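Structural characterization, general
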Amino acid sequence: MKKILYFLLPLLLMTACHKNSYVARVTDVRLVSVDPKNGYPGDLVTLLGNNFSTDPEKNIVMLGGERARVLEAYSNRLLVILPDHEPGQYEFSVEAPAGKAEGVQFNYLKIPDHEYLVSTIVGQQGVRKCIDGVGTGAATYMPTGINKAADGTLWFTDRGGNKIRHIAPDMTVTSEASVDESGAAIWQGAFDAQGNYWYNDKAKGKLYRFNPGTKKNEVMASGLNNPMNVAIDASGNIYVPCRNAQKVYKFAAGTMEKSEYATFETGGPSFIGFDPKGNLIAALWNGYKLVSVAPDGTQTVIMGTGEKKDEKDDGDGDPLKATVRSCQGFDIAPDGTIYVGDAAYHCVRKLTPDENGDYSKGTVETILGGTKGYADGKGLNAKFNEVDGILVYDESTLYICDSQNCLIRKVSIR
């Protein structure tokens, strides 16, 4: 009798539990995610889930009360066109013959003045090697700075590989010069009016000049404390920001006589450049801001709060309320617009001055990226892994050193 009771008791308990439990049906319609999670009206997105109809017309997809057109349908994904909506968060729902599901959120972005399309032109994502070749058949180790030569071709510094490399119009990548000293770490550079390429060895504190015609690569200054990039004024004077010294040094054209041009109390300069008015713009590492230095030495904050924040603020608009985490590259367009890269936030922001050319009273807008990863695409849907050097090539083209992805990316502005 006891044996029978011992046998029946577990069965009774299992039956009781079964009566009070919900067993999910594998035939239920489910919504799992949407890719990408941000976008604009008219964009194509993919809804992932289960038990959709394979007939596009039998899936009713709603987003924030508006119906989205289904282009392609599979049992586990739907390709849909986003309906019109104002910027903000909206929820997807899907009704199919097998049932209905909802709950996946989508974020409509503010439509920018221009469309920014990102594509990869050189390198292989995550492949850390210096391999010459054509386009994505070549490989980079860690591209940090990119510049335009007088003939229109592209040159970039490849940290880790410690090479100066050239990109021809047909996208052929050639290594032109190298620094073979142990422990070297070459950084960003600039061309002078004679076509020489100036760049730094950040780790060894040296300033180099490379002549592409003669292939002569020579040290022009040493003893610099973390030199980060090079800027050259209209008179040919060379300027080098030394991050750990918290100074910008000026080297006179021809004589290379060294002098202190600017000193910063709240952080070391990690990148510099000249605006159309001749002011030197400096991004301050550990200062979390951009500062303008007038020819008379007056310093003015033009972007950033000066506070460290691990997450980028969502709001664009006032440059003095924007967060700056780690700017290691920017470039200034002829009209004065500054394209600001942030290596920590993995994004590019556009700083536009007001009608009087005052950056601090202008506007800032995030135009590219903001999510760590790798993806070509439009605007904020593109992904980067440490934005370093930026080049304004012309009014419709930017180039970006996507350092940790080991890529050179092109941005087409429409």
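Everything quoted here is computed from the prediction, not taken from an experiment.

**A look at the sheet that holds strand E15 (residues 186-191)**
The strand order across the open sheet built from 4 strands is E15-E16-E17-E18, with neighbouring strands paired in antiparallel fashion. Looking at which strands have only one partner, the edges of the open sheet turn out to be E15 and strand E18 (216-221). Strand-to-strand twist in this sheet, taken as the mean axis angle between neighbours without regard to direction, amounts to 25 degrees. Alignment of strand E17 (residues 206-211) against E18, held across 5 bridges, turns out to be antiparallel.

**Focus: the pattern of salt bridges**
If you walk through the whole model with that rule in mind, you get 13 salt bridges. Note that Arg 325 is salt-bridged to Asp 310, the shortest N-O span being 3.8 Å. Remark: Asp 310 occurs in the loop between strand E26 (299-303) and strand E27 (329-332) and Arg 325 occurs in the loop between E26 and E27; sequence separation between them is 15 residues. A network of salt bridges, in which partner residues are shared, links Asp 43, Glu 115, Lys 378 and Arg 414.

**Notes on the environment of Gly 65**
Structurally, Gly 65 can be placed in the loop between strand E4 (60-63) and strand E5 (66-74). Overall, Gly 65 belongs to the exposed group, its relative accessible area being 59%. Sequence separation of Gly 65 and Phe 92 is 27 residues, and the distance between their C-alpha atoms is 8.7 Å.

**Comments concerning the confidence of the model for the protein**
Should pLDDT be low for a region, the predicted coordinates there are not to be read in detail. Per-chain confidence: the protein averages 92 in pLDDT, with 93% of residues scoring 70 or above. A low-confidence stretch, residues 1-24 stays under pLDDT 50, and its non-local contacts, those more than four residues away or across chains, total 2 contacts.

Parameters and conventions
- Residues numbered from 1 in each chain as written.
- Predicted model: local features only at pLDDT ≥ 70, side-chain atom pairs only at ≥ 80, totals over all residues.
- Heavy atoms only, no water.
- Pairing = 2+ DSSP bridges.
- Helix = DSSP H or I, 4+ residues; strand = E, 2+ residues; numbered from the N terminus.
- Axes fitted to C-alpha atoms, helices over the stretch in contact; angles between N-to-C directions.
- Salt bridge = Lys/Arg side-chain N within 4 Å of Asp/Glu carboxyl O.
- Buried < 20%, exposed > 50% of the residue type's maximum accessible area, 1.4 Å probe, protein only.
- pLDDT = per-residue confidence, 0-100.
- Contact = heavy atoms within 4.5 Å.

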